[in-house]
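A closer look at the structure
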Amino acid sequence: MEIKIENLTKAYGDFKAVDNMNLNIADGELVGLLGPSGCGKSTTLFMLAGLNDPTSGHIYFGGKDVTKVAPEDREIGLVFQNYALYPHMTVADNIMFPLINRKVPKAEARERAQEMAKLVQLDHLMDRKPKALSGGQQQRVAIARALVKKPEVLLLDEPLSNLDAKLRVETREEIRRIQQEVGITTIFVTHDQEEAMSISDRIAVMEKGVVQQFEVPQKMYLNPGNLFVAQFLGTPQINIFDVTVKGGKIMCDDVVLREGCKAADGNYKAGVRPEAFNVSENGILVKATHVRMTGRELQLRVALAKEELRVLVHSDMQVSVGTEFCVTIRDNQILLFDQTGKTVGK
Ligand code: ATP
């Protein structure tokens, strides 16, 4: 089902937790709602769920205005960070609960719960109680329970936060698989940029209640709309430093980083991702100041003019603190931002 969010605002006194949000989400799409703590993600999700009344604006599900519709009449499935399973009930009873609550006959409820358990690959654990399950399994029960009523929209609020690193990765893949299998329009709230990028069709990045950019992950990573988005996506973080453009040359102090730039002469902030550097015979001379081995790559810090930049190189490079070498920056991988932080080009 399509979701349209129109001029949606939630104010607490003078403070706007969500400020004039506009998003059109396609049927079957998984949208990651991404941003730092307090940026308004949960408030947005709660308004979509009908658990928090907007101050102004509208929400449409499949063309129907649901802004004033009660939560139980919205055809949504909700999953929170803390599972919220009933501890005294078995997996089967937990999954069936929303159906029993709606007076669906027990035999039919059991059959549908079984179907959902199969979908989340827990049908062999139907008689267990939640405390006898791992965190990832508990969250899959919560997802099965959210889907058993066959909702049109699935809303997930930081569903992986309580899981350890390995389980987080496994469970997010599992959520993506289930979402695609069911084909349900899904909004997934997270503050973890890698998580959002790896499973979303599109990401909405929020800051201070405002959507900064709504885009497919790869495009957003390569072409962030502003400095905030550029810095929020990617680890290690993008390098941001002052440059001057003069006659098509991008200069960092007196070092030429690139020629043939089309931006007007002036002062800019440049953004270069750590992986955008190539080690080369000739190019920009740099000197390693820190070297850290991570396995797949070496994370370096290098001195370039007055700047110290993060640079990723292959783990087989022979480099130690003090080593001097040359780098080039891959084509189109110097982003330029104006003084307000808006992207002006490359
Ligand atoms: P987190 O990741 O920490 O949950 P979030 O992005 O989900 O953050 P929200 O919970 O949506 O953020 O909160 C957005 C802002 O609104 C926060 O600054 C919060 O303090 C504020 N806020 C939320 N509820 C209320 C309330 N009832 N009264 C006043 N301010 C509130």
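Report on the accompanying structure. Per chain, residue numbering runs from 1 following the sequence as it is written. Totals for whole chains, interfaces and linings use all residues, but because this is a predicted model, local features are given only for residues with pLDDT of at least 70 and pairs of side-chain atoms are given and counted only at 80 or more.

1. A short note on the sheet that holds strand β3 (residues 30–34)
Note the cut-off: A pair of strands is labelled paired if DSSP reports no fewer than 2 bridges between them. Strands here mean DSSP runs of E at least two residues long; helices mean DSSP runs of H or I at least four residues long; both are numbered from the N terminus. For every element, the axis is a line fit to its C-alpha atoms; helices are fit only across the contacting stretch, and the angle between N-to-C directions ranges from 0 to 180 degrees. By definition, residues are in contact whenever their C-beta atoms, placed on the basis of the backbone, come within 7 Å of each other.
Spatially, the six strands line up as an open sheet ordered β6-β7-β8-β3-β9-β10, and their pairing is mixed. Of all the strands in the sheet, the pair left with one neighbour each is β6 (76–79) and β10 (210–215). Along the sheet, successive strands turn relative to each other by an average axial angle of 15°, direction set aside. Across the sheet, helix α4 (residues 135–147) is in contact with β6 and β7 (153–157); its angle to β6 comes to roughly 165°.

2. Regarding the site of the ligand
Here is the rule we go by: Placing a C-beta atom from the backbone of each residue, we mark the residue near a molecule or strand if the atom is within 6 Å of it.
Taken together, Tyr 12, Ala 17, Gly 35, Ser 37, Gly 38, Cys 39, Gly 40, Lys 41, Ser 42, Thr 43 and His 191 make up the full set of residues near the ligand. Among the elements that line the shell around the ligand, the one with the most residues is helix α1 (residues 41–49), at three residues.

3. Remarks on the sheet that holds strand β12 (residues 249–252)
With antiparallel pairing, the six strands of this open sheet are ordered in space as β13-β12-β11-β14-β20-β21. The outermost strands of the open sheet, each flanked by one partner alone, are β13 (255–258) and β21 (343–345). Averaged over all adjacent pairs, the angle separating strand axes in this sheet is 45°, with direction ignored.

4. Digging into the environment of Leu 8
Turning to its location among the elements, Leu 8 is positioned in strand β1 (residues 3–12). Here the alpha-carbon distance between Leu 8 and Ser 56, two residues 48 residues apart in the chain, equals 5.8 Å. Other than its neighbours up to four places away in sequence, Leu 8 contacts Val 18, Met 21, Met 47, Pro 54, Gly 57 and Ile 59.

Keep in mind that these numbers describe shape and distance, not what the molecule does.
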